[in-house]
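# Descriptive structure summary
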Amino acid sequence: MDVVAVTVEDISMVTKEDIFKGDLYMKIAIPVLDGALANTNISPSFGRAPFFLLFDTETEEKQFIANSTATASQGGAGIIAAQLIVDQGAEALLTPRCGKNAAEVITAAGVKIYKTVSDDIQESIQAFNAGELKELENIHPGFHHHGGA
Amino acid sequence: MKIAVLSGKGGTGKTFVSVNLAAVISDAIYLDCDVEEPNGHLFFKPDLTSIEEVYVKVPVVDTTKCSGCRQCVEFCKFNALAYINNSLLIFSELCHSCGGCSLICPDNALSEIDKSVGNVQMGTYKNLTVITGIMNPGEESGVPIIQHLLDHACDKENIVVIDCPAGSSCTVMESIKDADYCVLVTEPTLLSVHNLSMIHELARLLNKPCGVVINKYLNELNPVEQFCQENNLSILARIGFDLYLSVIGAKGLIAVEENRDYQAVFSQLYKQIIKEAGHEAVIDNQR
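Residues numbered from 1 in each chain as written. Chains lettered and ligands numbered in written order. Predicted model: local features only at pLDDT ≥ 70, side-chain atom pairs only at ≥ 80, totals over all residues. Heavy atoms only, no water.

### Some details on the pairing of strand 10 (residues 210-217) of chain B
All names here are of chain B. Stated precisely, the cut-off is as follows: Note on exposure labels: buried denotes an accessible area under 20% of the residue type's maximum, exposed denotes more than 50%, and partly exposed covers the range between, all computed with a 1.4 Å probe on protein chains only. A helix here means a DSSP run of H or I that spans at least four residues, while a strand means a run of E at least two residues long, and both kinds are numbered starting from the N terminus. At least two bridges found by DSSP between two strands is the condition for calling them paired. Crossover handedness is defined by viewing with both strands directed away from the observer: a clockwise path from the first strand over the helix to the second marks the crossover as right-handed.
Counted residue by residue, strand 10 has seven buried out of eight residues, so it is predominantly covered. Pairing between strand 9 (residues 181-186) and strand 10: five bridges, direction parallel. Bridge pairing links Leu184 to Val212 in strand 10. For the segment spanning strand 10, helix 8 (residues 223-230) and strand 11 (residues 234-240), crossover handedness is right-handed.

Printed below as a string of C-alpha coordinates:
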(Lines give C-alpha, C1' and ligand atoms only; values in the text may rest on other atoms or scores of the structure.)
Protein backbone atom coordinates (compact mmCIF):
# COMPACT_ATOMS: atom_id res chain seq x y z
CA MET A 1 0.00 0.00 0.00
CA ASP A 2 2.67 2.44 -1.01
CA VAL A 3 0.32 4.97 -2.54
CA VAL A 4 -1.07 6.40 0.67
CA ALA A 5 0.96 8.39 3.13
CA VAL A 6 -0.40 7.41 6.49
CA THR A 7 1.84 6.79 9.45
CA VAL A 8 1.41 3.82 11.76
CA GLU A 9 -0.24 6.03 14.37
CA ASP A 10 -2.71 7.31 11.83
CA ILE A 11 -3.76 3.83 10.70
CA SER A 12 -5.96 3.26 13.74
CA MET A 13 -7.82 6.45 12.91
CA VAL A 14 -8.71 5.26 9.42
CA THR A 15 -12.23 3.87 9.32
CA LYS A 16 -13.62 1.37 6.86
CA GLU A 17 -15.60 4.21 5.28
CA ASP A 18 -12.40 6.16 4.64
CA ILE A 19 -10.91 3.17 2.87
CA PHE A 20 -13.85 2.84 0.56
CA LYS A 21 -14.16 6.57 0.04
CA GLY A 22 -10.87 6.24 -1.78
CA ASP A 23 -8.66 7.65 0.92
CA LEU A 24 -6.83 4.36 0.97
CA TYR A 25 -6.19 2.42 -2.18
CA MET A 26 -5.78 -1.24 -2.78
CA LYS A 27 -4.51 -3.66 -5.33
CA ILE A 28 -7.22 -6.26 -5.81
CA ALA A 29 -7.08 -9.63 -7.55
CA ILE A 30 -10.04 -11.27 -9.30
CA PRO A 31 -10.05 -14.72 -10.97
CA VAL A 32 -11.23 -14.29 -14.57
CA LEU A 33 -11.97 -16.49 -17.56
CA ASP A 34 -9.97 -14.68 -20.21
CA GLY A 35 -6.86 -12.54 -20.33
CA ALA A 36 -7.49 -10.92 -23.72
CA LEU A 37 -11.18 -10.07 -23.79
CA ALA A 38 -12.09 -6.74 -22.24
CA ASN A 39 -15.56 -7.98 -21.33
CA THR A 40 -14.46 -11.26 -19.76
CA ASN A 41 -16.28 -12.64 -16.73
CA ILE A 42 -15.27 -13.76 -13.27
CA SER A 43 -14.15 -17.39 -13.11
CA PRO A 44 -16.27 -19.66 -10.91
CA SER A 45 -13.07 -21.31 -9.65
CA PHE A 46 -10.19 -19.56 -7.88
CA GLY A 47 -7.38 -22.12 -8.02
CA ARG A 48 -7.93 -23.16 -11.61
CA ALA A 49 -8.99 -19.78 -12.99
CA PRO A 50 -7.19 -19.28 -16.33
CA PHE A 51 -6.21 -15.67 -15.48
CA PHE A 52 -6.18 -13.16 -12.67
CA LEU A 53 -7.10 -9.53 -13.10
CA LEU A 54 -5.01 -7.24 -10.92
CA PHE A 55 -6.81 -3.97 -10.43
CA ASP A 56 -5.40 -0.89 -8.73
CA THR A 57 -8.28 1.04 -7.16
CA GLU A 58 -6.30 4.29 -7.29
CA THR A 59 -4.96 4.37 -10.84
CA GLU A 60 -7.70 2.03 -12.13
CA GLU A 61 -4.93 0.26 -13.96
CA LYS A 62 -5.79 -3.28 -15.09
CA GLN A 63 -3.29 -6.05 -15.52
CA PHE A 64 -4.02 -9.65 -16.52
CA ILE A 65 -1.70 -12.40 -15.39
CA ALA A 66 -1.87 -16.02 -16.53
CA ASN A 67 -2.43 -18.68 -13.90
CA SER A 68 -0.78 -21.28 -16.12
CA THR A 69 1.32 -23.18 -13.55
CA ALA A 70 -1.72 -23.83 -11.38
CA THR A 71 -4.04 -24.83 -14.23
CA ALA A 72 -1.44 -27.27 -15.54
CA SER A 73 -0.81 -28.85 -12.14
CA GLN A 74 -2.23 -32.21 -11.05
CA GLY A 75 -2.99 -31.05 -7.53
CA GLY A 76 -2.55 -28.13 -5.18
CA ALA A 77 -3.68 -25.60 -7.81
CA GLY A 78 -5.21 -23.36 -5.15
CA ILE A 79 -1.91 -23.10 -3.27
CA ILE A 80 0.12 -22.11 -6.31
CA ALA A 81 -2.56 -19.66 -7.49
CA ALA A 82 -2.61 -18.06 -4.02
CA GLN A 83 1.19 -17.82 -4.02
CA LEU A 84 0.98 -16.07 -7.42
CA ILE A 85 -1.46 -13.33 -6.38
CA VAL A 86 0.36 -12.76 -3.08
CA ASP A 87 3.67 -12.42 -4.94
CA GLN A 88 2.01 -9.94 -7.30
CA GLY A 89 1.20 -7.77 -4.30
CA ALA A 90 -2.56 -8.25 -4.15
CA GLU A 91 -4.07 -6.89 -0.95
CA ALA A 92 -7.61 -8.14 -1.45
CA LEU A 93 -9.10 -11.04 -3.38
CA LEU A 94 -12.58 -10.84 -4.91
CA THR A 95 -13.80 -14.35 -5.71
CA PRO A 96 -17.04 -16.36 -5.79
CA ARG A 97 -15.38 -19.21 -3.88
CA CYS A 98 -12.08 -20.31 -2.48
CA GLY A 99 -10.70 -23.66 -1.29
CA LYS A 100 -9.33 -24.38 2.16
CA ASN A 101 -5.64 -24.62 1.22
CA ALA A 102 -5.72 -21.49 -0.94
CA ALA A 103 -7.48 -19.57 1.83
CA GLU A 104 -4.80 -20.64 4.30
CA VAL A 105 -2.05 -19.21 2.05
CA ILE A 106 -3.99 -16.02 1.33
CA THR A 107 -4.90 -15.28 4.93
CA ALA A 108 -1.32 -16.06 6.05
CA ALA A 109 -0.29 -13.23 3.75
CA GLY A 110 -2.81 -10.90 5.39
CA VAL A 111 -4.90 -10.67 2.23
CA LYS A 112 -8.67 -10.36 2.79
CA ILE A 113 -11.03 -12.52 0.72
CA TYR A 114 -14.34 -10.96 -0.39
CA LYS A 115 -17.23 -12.82 -1.98
CA THR A 116 -18.35 -11.57 -5.37
CA VAL A 117 -22.08 -11.31 -5.97
CA SER A 118 -22.20 -11.70 -9.76
CA ASP A 119 -19.87 -12.82 -12.53
CA ASP A 120 -19.50 -9.25 -13.79
CA ILE A 121 -16.08 -7.75 -13.07
CA GLN A 122 -17.10 -4.08 -13.19
CA GLU A 123 -20.08 -4.68 -10.92
CA SER A 124 -17.88 -6.47 -8.39
CA ILE A 125 -15.24 -3.72 -8.36
CA GLN A 126 -17.93 -1.09 -7.86
CA ALA A 127 -19.51 -3.11 -5.06
CA PHE A 128 -16.08 -3.51 -3.44
CA ASN A 129 -15.35 0.22 -3.68
CA ALA A 130 -18.72 0.97 -2.14
CA GLY A 131 -17.91 -1.39 0.75
CA GLU A 132 -20.79 -3.69 -0.17
CA LEU A 133 -18.88 -6.95 -0.54
CA LYS A 134 -18.86 -9.31 2.44
CA GLU A 135 -15.86 -11.35 3.46
CA LEU A 136 -16.04 -14.90 2.09
CA GLU A 137 -17.17 -17.17 4.88
CA ASN A 138 -17.82 -20.62 3.52
CA ILE A 139 -14.39 -21.84 2.52
CA HIS A 140 -14.98 -25.16 0.73
CA PRO A 141 -12.77 -28.19 1.33
CA GLY A 142 -11.53 -28.20 -2.28
CA PHE A 143 -12.58 -30.04 -5.42
CA HIS A 144 -9.94 -32.74 -5.58
CA HIS A 145 -9.89 -36.04 -7.42
CA HIS A 146 -12.12 -35.21 -10.34
CA GLY A 147 -13.33 -38.33 -12.09
CA GLY A 148 -13.23 -40.90 -9.34
CA ALA A 149 -11.69 -41.54 -5.95
CA MET B 1 -2.68 -65.82 -7.53
CA LYS B 2 -4.08 -62.33 -7.03
CA ILE B 3 -7.50 -61.40 -8.41
CA ALA B 4 -8.34 -57.68 -8.46
CA VAL B 5 -12.00 -56.68 -8.56
CA LEU B 6 -12.57 -53.19 -9.92
CA SER B 7 -15.16 -50.98 -11.59
CA GLY B 8 -14.92 -47.56 -13.11
CA LYS B 9 -18.20 -46.56 -11.54
CA GLY B 10 -19.11 -46.74 -7.86
CA GLY B 11 -22.05 -48.86 -6.75
CA THR B 12 -21.78 -51.52 -9.46
CA GLY B 13 -21.10 -54.26 -6.93
CA LYS B 14 -17.32 -54.52 -6.46
CA THR B 15 -17.61 -55.34 -2.79
CA PHE B 16 -20.54 -57.70 -3.46
CA VAL B 17 -18.47 -59.61 -6.04
CA SER B 18 -15.23 -59.51 -3.99
CA VAL B 19 -16.82 -60.68 -0.74
CA ASN B 20 -18.78 -63.51 -2.33
CA LEU B 21 -15.86 -64.57 -4.51
CA ALA B 22 -13.51 -64.71 -1.50
CA ALA B 23 -16.16 -66.63 0.45
CA VAL B 24 -16.20 -69.52 -2.07
CA ILE B 25 -12.38 -69.86 -2.18
CA SER B 26 -10.84 -71.84 0.65
CA ASP B 27 -8.16 -70.06 2.69
CA ALA B 28 -8.45 -66.93 0.56
CA ILE B 29 -7.09 -63.55 1.64
CA TYR B 30 -9.60 -60.72 1.21
CA LEU B 31 -7.78 -57.40 0.84
CA ASP B 32 -9.96 -54.29 1.10
CA CYS B 33 -8.07 -51.60 -0.82
CA ASP B 34 -11.08 -49.27 -0.97
CA VAL B 35 -9.41 -47.39 1.88
CA GLU B 36 -11.66 -44.32 1.77
CA GLU B 37 -14.73 -46.42 2.44
CA PRO B 38 -13.83 -50.04 3.18
CA ASN B 39 -17.06 -52.04 3.32
CA GLY B 40 -16.03 -55.67 3.13
CA HIS B 41 -15.63 -55.94 6.90
CA LEU B 42 -19.34 -55.16 7.30
CA PHE B 43 -20.07 -58.57 5.76
CA PHE B 44 -17.20 -60.60 7.21
CA LYS B 45 -17.26 -58.97 10.67
CA PRO B 46 -13.77 -60.39 11.18
CA ASP B 47 -12.18 -61.18 14.54
CA LEU B 48 -9.41 -58.61 14.77
CA THR B 49 -5.96 -60.03 15.27
CA SER B 50 -3.82 -56.92 14.88
CA ILE B 51 -3.81 -53.28 13.81
CA GLU B 52 -0.84 -51.65 12.12
CA GLU B 53 -0.47 -47.89 11.77
CA VAL B 54 0.65 -46.62 8.34
CA TYR B 55 3.13 -43.73 8.27
CA VAL B 56 4.48 -41.54 5.50
CA LYS B 57 7.38 -39.07 5.55
CA VAL B 58 6.49 -35.38 5.45
CA PRO B 59 8.79 -32.36 5.59
CA VAL B 60 9.25 -30.03 8.57
CA VAL B 61 11.10 -26.75 8.35
CA ASP B 62 13.72 -25.37 10.70
CA THR B 63 12.80 -21.68 10.48
CA THR B 64 16.16 -20.61 11.89
CA LYS B 65 17.92 -22.18 8.88
CA CYS B 66 15.44 -21.32 6.07
CA SER B 67 16.74 -18.42 3.96
CA GLY B 68 13.59 -18.13 1.85
CA CYS B 69 15.18 -19.14 -1.45
CA ARG B 70 11.95 -20.93 -2.50
CA GLN B 71 13.78 -23.72 -4.32
CA CYS B 72 11.59 -26.27 -2.52
CA VAL B 73 8.40 -24.41 -3.45
CA GLU B 74 9.36 -24.51 -7.13
CA PHE B 75 10.54 -28.10 -6.93
CA CYS B 76 7.35 -29.60 -5.46
CA LYS B 77 5.21 -31.03 -8.29
CA PHE B 78 2.24 -31.36 -5.94
CA ASN B 79 2.36 -27.77 -4.69
CA ALA B 80 2.54 -28.88 -1.09
CA LEU B 81 4.72 -25.88 -0.20
CA ALA B 82 4.17 -22.12 -0.27
CA TYR B 83 6.36 -19.27 0.91
CA ILE B 84 4.31 -16.46 2.43
CA ASN B 85 5.22 -13.60 4.74
CA ASN B 86 8.82 -14.80 5.11
CA SER B 87 7.82 -18.25 6.24
CA LEU B 88 7.36 -21.63 4.62
CA LEU B 89 3.86 -23.15 4.69
CA ILE B 90 3.70 -26.94 4.42
CA PHE B 91 0.51 -28.72 3.27
CA SER B 92 1.44 -32.20 4.40
CA GLU B 93 -1.75 -33.84 3.09
CA LEU B 94 -0.68 -32.91 -0.47
CA CYS B 95 2.86 -34.26 0.08
CA HIS B 96 3.69 -37.45 -1.84
CA SER B 97 6.71 -38.17 0.38
CA CYS B 98 9.28 -37.99 -2.42
CA GLY B 99 11.82 -36.34 -0.11
CA GLY B 100 12.90 -33.99 -2.89
CA CYS B 101 12.42 -30.77 -0.93
CA SER B 102 14.78 -31.79 1.85
CA LEU B 103 17.34 -33.00 -0.72
CA ILE B 104 17.23 -29.79 -2.73
CA CYS B 105 17.28 -27.34 0.22
CA PRO B 106 20.65 -25.51 0.14
CA ASP B 107 20.27 -24.47 3.79
CA ASN B 108 19.50 -27.97 5.16
CA ALA B 109 16.41 -26.38 6.68
CA LEU B 110 14.05 -29.23 5.75
CA SER B 111 13.94 -32.65 7.36
CA GLU B 112 11.37 -35.46 7.33
CA ILE B 113 9.15 -36.79 10.07
CA ASP B 114 6.66 -39.67 10.24
CA LYS B 115 2.99 -38.85 9.87
CA SER B 116 0.17 -41.35 10.31
CA VAL B 117 -2.20 -41.54 7.31
CA GLY B 118 -4.30 -44.52 8.36
CA ASN B 119 -4.12 -48.11 9.49
CA VAL B 120 -4.38 -51.69 8.34
CA GLN B 121 -6.58 -54.08 10.31
CA MET B 122 -5.91 -57.81 10.16
CA GLY B 123 -8.60 -60.27 11.06
CA THR B 124 -10.07 -63.69 10.37
CA TYR B 125 -13.48 -64.96 9.35
CA LYS B 126 -13.87 -68.76 9.21
CA ASN B 127 -10.94 -69.90 7.06
CA LEU B 128 -10.52 -66.46 5.45
CA THR B 129 -7.96 -63.79 6.24
CA VAL B 130 -9.58 -60.35 6.08
CA ILE B 131 -7.24 -57.37 5.75
CA THR B 132 -8.78 -53.90 5.69
CA GLY B 133 -7.08 -50.60 4.92
CA ILE B 134 -8.56 -47.49 6.53
CA MET B 135 -7.46 -44.00 5.59
CA ASN B 136 -7.61 -41.19 8.15
CA PRO B 137 -10.33 -38.63 7.30
CA GLY B 138 -8.94 -35.59 5.47
CA GLU B 139 -5.99 -37.36 3.86
CA GLU B 140 -5.49 -36.83 0.14
CA SER B 141 -4.08 -40.16 -1.00
CA GLY B 142 -4.74 -43.75 -0.04
CA VAL B 143 -1.74 -45.05 -2.01
CA PRO B 144 0.61 -45.54 1.00
CA ILE B 145 -2.05 -47.61 2.79
CA ILE B 146 -2.66 -49.71 -0.32
CA GLN B 147 1.09 -50.35 -0.62
CA HIS B 148 1.11 -51.50 3.00
CA LEU B 149 -1.91 -53.78 2.34
CA LEU B 150 -0.30 -55.36 -0.72
CA ASP B 151 2.88 -56.05 1.25
CA HIS B 152 0.82 -58.42 3.39
CA ALA B 153 -0.11 -60.47 0.36
CA CYS B 154 3.06 -60.33 -1.70
CA ASP B 155 4.61 -63.73 -0.99
CA LYS B 156 1.51 -65.70 -0.04
CA GLU B 157 0.48 -68.97 -1.72
CA ASN B 158 -3.20 -68.28 -0.96
CA ILE B 159 -5.60 -66.85 -3.48
CA VAL B 160 -5.85 -63.11 -2.84
CA VAL B 161 -9.02 -61.18 -3.71
CA ILE B 162 -8.34 -57.44 -3.96
CA ASP B 163 -11.40 -55.21 -3.50
CA CYS B 164 -10.32 -52.03 -5.33
CA PRO B 165 -11.47 -48.41 -4.92
CA ALA B 166 -14.00 -47.08 -7.45
CA GLY B 167 -12.84 -45.07 -10.44
CA SER B 168 -9.64 -45.36 -12.44
CA SER B 169 -7.26 -43.07 -10.56
CA CYS B 170 -3.90 -43.63 -8.80
CA THR B 171 -5.36 -45.71 -5.98
CA VAL B 172 -6.90 -48.15 -8.49
CA MET B 173 -3.67 -48.35 -10.44
CA GLU B 174 -1.81 -49.11 -7.21
CA SER B 175 -4.36 -51.76 -6.19
CA ILE B 176 -4.08 -53.74 -9.43
CA LYS B 177 -0.34 -53.42 -10.00
CA ASP B 178 0.45 -56.83 -8.46
CA ALA B 179 -2.72 -58.52 -9.73
CA ASP B 180 -2.57 -61.57 -11.99
CA TYR B 181 -6.12 -61.09 -13.20
CA CYS B 182 -8.62 -58.21 -13.19
CA VAL B 183 -12.37 -58.70 -12.81
CA LEU B 184 -14.17 -55.66 -14.21
CA VAL B 185 -17.58 -55.29 -12.58
CA THR B 186 -20.17 -53.33 -14.52
CA GLU B 187 -23.86 -52.60 -14.77
CA PRO B 188 -25.68 -53.07 -18.11
CA THR B 189 -26.01 -49.32 -18.70
CA LEU B 190 -24.44 -46.81 -21.05
CA LEU B 191 -22.86 -44.87 -18.15
CA SER B 192 -21.31 -48.05 -16.85
CA VAL B 193 -19.89 -48.88 -20.30
CA HIS B 194 -18.17 -45.50 -20.34
CA ASN B 195 -16.47 -46.23 -17.01
CA LEU B 196 -15.82 -49.83 -18.04
CA SER B 197 -13.92 -48.59 -21.08
CA MET B 198 -11.68 -46.51 -18.80
CA ILE B 199 -10.72 -49.37 -16.48
CA HIS B 200 -10.35 -51.70 -19.45
CA GLU B 201 -7.86 -49.24 -20.90
CA LEU B 202 -6.05 -49.09 -17.55
CA ALA B 203 -5.86 -52.89 -17.27
CA ARG B 204 -4.58 -53.13 -20.85
CA LEU B 205 -1.99 -50.41 -20.18
CA LEU B 206 -0.64 -52.47 -17.28
CA ASN B 207 -0.80 -55.69 -19.34
CA LYS B 208 -3.33 -57.29 -17.01
CA PRO B 209 -5.57 -60.04 -18.37
CA CYS B 210 -9.18 -59.22 -17.57
CA GLY B 211 -12.80 -60.27 -17.88
CA VAL B 212 -16.17 -58.71 -17.18
CA VAL B 213 -18.90 -59.44 -14.65
CA ILE B 214 -22.23 -57.86 -15.57
CA ASN B 215 -24.11 -57.21 -12.35
CA LYS B 216 -27.84 -56.35 -12.15
CA TYR B 217 -28.24 -58.05 -15.51
CA LEU B 218 -31.67 -57.81 -17.17
CA ASN B 219 -31.38 -59.20 -20.69
CA GLU B 220 -28.97 -59.61 -23.58
CA LEU B 221 -29.97 -56.25 -25.07
CA ASN B 222 -27.49 -54.08 -23.22
CA PRO B 223 -24.52 -51.95 -24.30
CA VAL B 224 -22.01 -53.99 -22.26
CA GLU B 225 -22.42 -57.08 -24.44
CA GLN B 226 -21.60 -55.06 -27.53
CA PHE B 227 -18.60 -53.39 -25.88
CA CYS B 228 -17.21 -56.76 -24.80
CA GLN B 229 -17.69 -58.23 -28.27
CA GLU B 230 -15.96 -55.28 -29.94
CA ASN B 231 -13.04 -55.40 -27.51
CA ASN B 232 -12.75 -59.17 -27.40
CA LEU B 233 -13.44 -59.21 -23.66
CA SER B 234 -14.79 -62.35 -21.99
CA ILE B 235 -17.93 -62.06 -19.94
CA LEU B 236 -17.18 -64.16 -16.86
CA ALA B 237 -20.64 -63.97 -15.30
CA ARG B 238 -24.02 -62.33 -15.66
CA ILE B 239 -25.59 -61.79 -12.25
CA GLY B 240 -29.29 -61.05 -12.62
CA PHE B 241 -31.05 -58.08 -11.08
CA ASP B 242 -32.47 -59.55 -7.89
CA LEU B 243 -34.20 -57.76 -5.00
CA TYR B 244 -33.26 -60.69 -2.77
CA LEU B 245 -29.61 -59.56 -3.03
CA SER B 246 -30.55 -56.09 -1.77
CA VAL B 247 -32.25 -57.65 1.24
CA ILE B 248 -29.25 -59.89 1.93
CA GLY B 249 -26.87 -56.96 1.48
CA ALA B 250 -28.83 -54.64 3.75
CA LYS B 251 -28.69 -57.28 6.49
CA GLY B 252 -24.91 -57.52 6.09
CA LEU B 253 -25.15 -61.15 5.05
CA ILE B 254 -23.08 -62.98 2.44
CA ALA B 255 -25.18 -64.26 -0.49
CA VAL B 256 -23.20 -67.46 -1.10
CA GLU B 257 -23.75 -68.50 2.53
CA GLU B 258 -27.48 -67.80 2.39
CA ASN B 259 -28.38 -69.22 -0.97
CA ARG B 260 -27.24 -72.28 -2.93
CA ASP B 261 -27.88 -70.67 -6.31
CA TYR B 262 -25.46 -67.86 -5.54
CA GLN B 263 -22.99 -70.36 -4.12
CA ALA B 264 -23.08 -71.97 -7.58
CA VAL B 265 -22.83 -68.62 -9.41
CA PHE B 266 -19.68 -67.58 -7.56
CA SER B 267 -18.05 -71.03 -7.64
CA GLN B 268 -18.57 -70.96 -11.38
CA LEU B 269 -17.16 -67.41 -11.57
CA TYR B 270 -14.05 -68.53 -9.70
CA LYS B 271 -13.60 -71.49 -12.07
CA GLN B 272 -14.03 -69.17 -15.01
CA ILE B 273 -11.38 -66.77 -13.68
CA ILE B 274 -8.89 -69.62 -13.15
CA LYS B 275 -9.61 -70.86 -16.66
CA GLU B 276 -9.23 -67.41 -18.25
CA ALA B 277 -6.10 -66.58 -16.24
CA GLY B 278 -4.57 -69.95 -17.20
CA HIS B 279 -5.49 -69.40 -20.83
CA GLU B 280 -3.82 -65.99 -20.74
CA ALA B 281 -0.72 -67.51 -19.17
CA VAL B 282 -0.54 -70.05 -22.00
CA ILE B 283 -0.85 -67.26 -24.58
CA ASP B 284 1.86 -65.31 -22.75
CA ASN B 285 4.17 -68.31 -22.90
CA GLN B 286 3.55 -68.72 -26.61
CA ARG B 287 4.48 -65.11 -27.34
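There's more to say after this.
### A look at empty space enclosed by the protein
Residue and element names in this part refer to chain B. How we decide: Cavities and pockets are defined on a 1 Å grid built over the protein atoms alone: a cavity is a set of grid points where a 1.4 Å probe fits but cannot escape, while a pocket is an open set with protein on both sides within 12 Å along at least five of seven lines, and lining residues are those with an atom within 4 Å of any such point. Grid points are joined across faces, edges and corners, and a volume is the space filled by probe spheres set on the points. Note on residue categories: nonpolar means Ala, Val, Leu, Ile, Met, Phe, Trp, Tyr, Cys or Pro, charged means Asp, Glu, Lys or Arg, and polar means any other residue, Gly included.
Scanning all chains against the criterion turns up four cavities of 30 Å³ or more. When its volume is computed, the largest cavity comes out at roughly 110 Å³. What lines the largest cavity is a set of 13 residues, and nearest its centre among them are Cys76, Ala80, Cys95, Cys98 and Cys101. A breakdown of the residues in the lining of the largest cavity according to their chemical character gives 10 nonpolar, three polar and no charged. Taken as a whole, the second largest cavity spans an internal volume of roughly 80 Å³. Around the second largest cavity sit 14 residues that line it, and Cys66, Cys69, Arg70, Cys72 and Cys105 are the ones nearest its centre.

### Considering the domain arrangement of chain B
Reports often express the size of an interface as the amount of accessible area lost when the parts come together. Let me state the cut-off plainly: Where a domain begins and ends is set by an automatic assignment or by a domain database.
Domain boundaries assigned for chain B yield domain 1 (2-28 + 158-286) and domain 2 (56-116). One C-alpha centre belongs to domain 1 of chain B, the other to domain 2 of chain B; they are set 42 Å apart.

### Focus: the environment of Gly13 of chain B
One can find Gly13 of chain B in the loop between strand 1 (2-6) and helix 1 (14-24). C-alpha separation for the pair Gly13 of chain B and Leu206 of chain B, spaced 193 residues apart in sequence, amounts to 23 Å.

### Examining the layout of surface pockets
All names here are of chain B. In this structure, the second largest pocket spans a volume of roughly 540 Å³. As for the second largest pocket, its lining consists of 27 residues, and the residues nearest its centre are Gly11, Thr12, Gly13, Phe16 and Asn215. Those elements that provide at least two residues to the lining of the second largest pocket are helix 1, strand 10 and helix 9 (243-250). Element by element, the count of residues in the lining of the second largest pocket is highest for helix 1, at five residues. Of the residues assigned to the lining of the second largest pocket, the class counts are 11 nonpolar, 11 polar and five charged.

### Description of the packing of helix 4 (residues 77-87) of chain A against helix 5 (residues 100-108) of chain A
All names here are of chain A. Where we set the bar: The angle between two axes is taken between their N-to-C directions and runs from 0 to 180 degrees, where each axis is a line fitted to C-alpha atoms and a helix contributes only its stretch in contact. Oblique is the label for any angle not under 35 degrees, not over 145, and not in the 65 to 115 range, which are roughly parallel, roughly antiparallel and roughly perpendicular in turn. Helix crossings fall into two classes, left-handed where the near helix is turned counterclockwise from the far one by less than a right angle and right-handed where it is turned clockwise. Two residues form a contact once any of their heavy atoms are found within 4.5 Å.
The N-to-C vectors of helix 4 and helix 5 enclose an angle of 25°; their axes lie 8 Å apart at closest approach. Between helix 4 and helix 5, the interaxial angle falls into the category roughly parallel. For the crossing formed where helix 4 meets helix 5, the hand is right-handed. From helix 4, Gly78, Ile79, Ala82, Gln83 and Ile85 reach across to helix 5, where they touch Asn101, Ala102, Val105 and Ile106. Of the residues that constitute the contact of helix 4 with helix 5, the class distribution is six nonpolar, three polar and no charged.

### Points about the packing of aromatic side chains
All names here are of chain B. Note the following rule: Stacked, tilted and edge-to-face are the three classes assigned to paired rings of Phe, Tyr and Trp, where Trp is represented by its six-membered ring and a pair needs centres within 6.5 Å; plane angles under 30 degrees give stacked, over 60 edge-to-face, the rest tilted.
The full count for this structure, using the stated rule, is six aromatic pairs over all chains. Relative to Phe44, the ring of Tyr30 has its centre 5.1 Å away and its plane inclined at 65°; by these criteria the two rings are edge-to-face. Taken together, the residues Tyr30 in strand 2 (residues 29-32) and Phe44 in helix 2 (residues 40-44) connect sequence positions 14 residues apart. Here Tyr30 matches Phe44 in class, with each residue buried. Here Tyr244 and Tyr262 contribute two aromatic rings whose centre-to-centre distance is 6.5 Å and whose plane-to-plane angle is 10°, an arrangement assigned as stacked.

### Quick notes on the interface of chain A and chain B
Applied cut-off: As a working definition, buried area equals the accessible area (1.4 Å probe) given up by two parts on being put together, with both sides summed. Any carboxyl oxygen of Asp or Glu within 4 Å of a side-chain nitrogen of Lys or Arg constitutes a salt bridge here. Polar contact is the term for a pair of N or O atoms within 3.5 Å; when the atoms are in protein, one must be able to donate a hydrogen and the other to accept it, and sequence-neighboring residues count only if both atoms are side-chain atoms.
Each side of the interface is counted separately: chain A has 19 residues, and chain B has 19 residues. Summed over both partners, the interface of chain A with chain B buries about 1,500 Å², with 51% contributed by carbon and sulfur atoms. Summed over the shared surface of chain A and chain B, the result is two salt bridges. Taking the shortest distance from any N to any O, the salt bridge between Asp87 of chain A and Arg70 of chain B comes out at 2.6 Å. In this assembly, chain A and chain B are joined by six residue pairs in polar contact (both at pLDDT 80 or more). Breaking the side of chain A that touches chain B down by element, the ones donating at least two residues are helix 4 and helix 5 of chain A. Take the side of chain A that touches chain B: its biggest share by element is six residues, from helix 4 of chain A. Each residue belonging to the side of chain A that touches chain B can be placed in one class, and the counts come to eight nonpolar, eight polar and three charged.

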